[in-house]
Amino acid sequence: MSGSAPVTGRFAPTPSGRLHLGNLLCCLLAYLSARSKGGRFLLRIEDLDVPRCPKRLSDQCIEDLRFLGFDWDEAPLYQSERTEIYRRYLEELRALGLVYPCFCTRAQLHAAIAPNLGDREPVYSRACAALTEEEIALRQRTRSPAIRMRVPDEAFAFEDGHFGPVCENLARDCGDYIIRRSDGLFGYQLAVVIDDALSGVSEIVRGRDILFSTPRQIHLQKTLGFEPPAYYHIPLLMDSQGRRLAKRDKDLDLTALSRHMTPEQILGMLAFSAGIIPENRPASLDELTRVFCWENVKREDILLAYP
Ligand SMILES: [Zn+2]
């Protein structure tokens, strides 16, 4: 990373529902990490799956963030408006011979894999990795393919800013992954890597549940000639029963919370739960920015502490 460039952080929600406290913790840490270094902060709406992410929900998401006092330095980016850009980079990967069409059906993919490991996706069998031009042309008549990225069979290591060293073998642990779905939708990894690079994002704060997908992002960044940003993966936020917070927990979304809590109470509760402040009390973003440091942020799963 170049020494003088300002730190640029971002929050990139998928507006397929109302933001919940787990999303907000991620936003809070991304914001505090960037702002505490005097850096910039950006907002990107990951609404590639347009039917699942209607404008009404992205508007609501922005309203929720403003309610809590978050601000950002540029107009929010909407992934749904950027498919031409993703297409261009996909062509670049195609020209490098790094992608191939995959005609496997969901049933074929499921039949070919061993039982899944937790959050991780199954490793693709490479059934379509060596199809000839003729075979591709033949199959294309009846089925539109997904596009997969070829990954190298080598160990891939990086240093996470919060979790320390991470290493995986892309071919063995991840496999050739989809960068455009068969319905034409661009894959998450490709869109995210392009958007972060073109927006000058230099640090990424995100949930530990997607830590395993980071090596493929770094591989993609290097392949496309982008400078990899710093990564900070954060622990998951759990409810009082030790269950991971998710969109299904309607009582913990902002509609419910804002009925009986002020923005400062919500921020203070999250900051205390994560270890940023020593007691559970209302706190403003300015105050939290002044006291924030990564060493205080917990490394194990975070239990939400109600005031
Ligand atoms: Zn296939």
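Preceding this paragraph is the structure being described.
Residues numbered from 1 in each chain as written. Predicted model: local features only at pLDDT ≥ 70, side-chain atom pairs only at ≥ 80, totals over all residues.

K.L.:
Explain the sheet that holds strand E1 (residues 8–11) residue by residue, including any values.
P.N.:
Reading across from one edge, E1-E2-E3 is the order of the three strands in this open sheet, with parallel pairing throughout. At either margin of the open sheet sits one strand with a lone partner, and together these are E1 and strand E3 (77–78). Bridge analysis of strand E2 (residues 40–45) against E3 gives two bridges, and the strand direction is parallel. In the sheet register, Arg44 faces E3, and the bridge partner there is Leu77. (Pairing = 2+ DSSP bridges. Helix = DSSP H or I, 4+ residues; strand = E, 2+ residues; numbered from the N terminus.)

K.L.:
Quick rundown of the environment of Phe103? Include the residues and the values.
P.N.:
As for its position among the elements, Phe103 is in the loop between strand E4 (99–102) and helix H4 (106–111). Residue Phe103 is classed as partly exposed on the basis of its C-beta count, with 19 C-beta atoms lying within 10 Å. Considered as a pair, Phe103 and Gln140 are 37 residues apart in the sequence and their alpha carbons are 8.2 Å apart. Look past the residues within four positions of Phe103 in its chain and what remains in contact with it is Cys128, Arg139, Arg143 and Pro145. (Buried ≥ 20, exposed ≤ 12 C-beta atoms within 10 Å, placed from the backbone. Contact = placed C-beta atoms within 7 Å.)

K.L.:
An account of the sheet that holds strand E5 (residues 146–149) is requested, with residue identities and associated values reported.
P.N.:
Taken in spatial order, the three strands of this open sheet run E4-E5-E8, and their pairing is antiparallel. Looking at strand neighbours, the two that pair on one side only are E4 and strand E8 (177–180), the edges of this open sheet. Ignoring which end each strand starts from, the neighbouring axes of this sheet average 45 degrees apart. In this structure, E4 lies alongside E5, joined through four bridges in antiparallel fashion. Residue pairing in the sheet places Val99 in a bridge with Met149 of E5. (Axes fitted to C-alpha atoms, helices over the stretch in contact; angles between N-to-C directions.)

K.L.:
Provide a residue-level description of the environment of Phe156, including the pertinent values.
P.N.:
Among the secondary structure elements, Phe156 is positioned in strand E6 (residues 155–160). When the C-alpha atoms of Phe156 and Val166 are compared, they prove to be 8.3 Å apart, with ten residues separating the residues in sequence. Residue contacts for Phe156: discarding those within four places in its chain leaves Cys167, Glu168, Asn169, Leu170, Pro215 and His219.

K.L.:
Quick rundown of the pairing of E1? Include the residues and the values.
P.N.:
Pairing of E1 with E2 involves four bridges; the strand directions are parallel. Across the sheet, residue Gly9 finds its bridge partner in E2, namely Phe41. In the classification by handedness, the crossover that spans E1, the intervening helix H1 (residues 21–35) and the parallel E2 is right-handed. (Right-handed = clockwise from strand over helix to strand, strands pointing away.)

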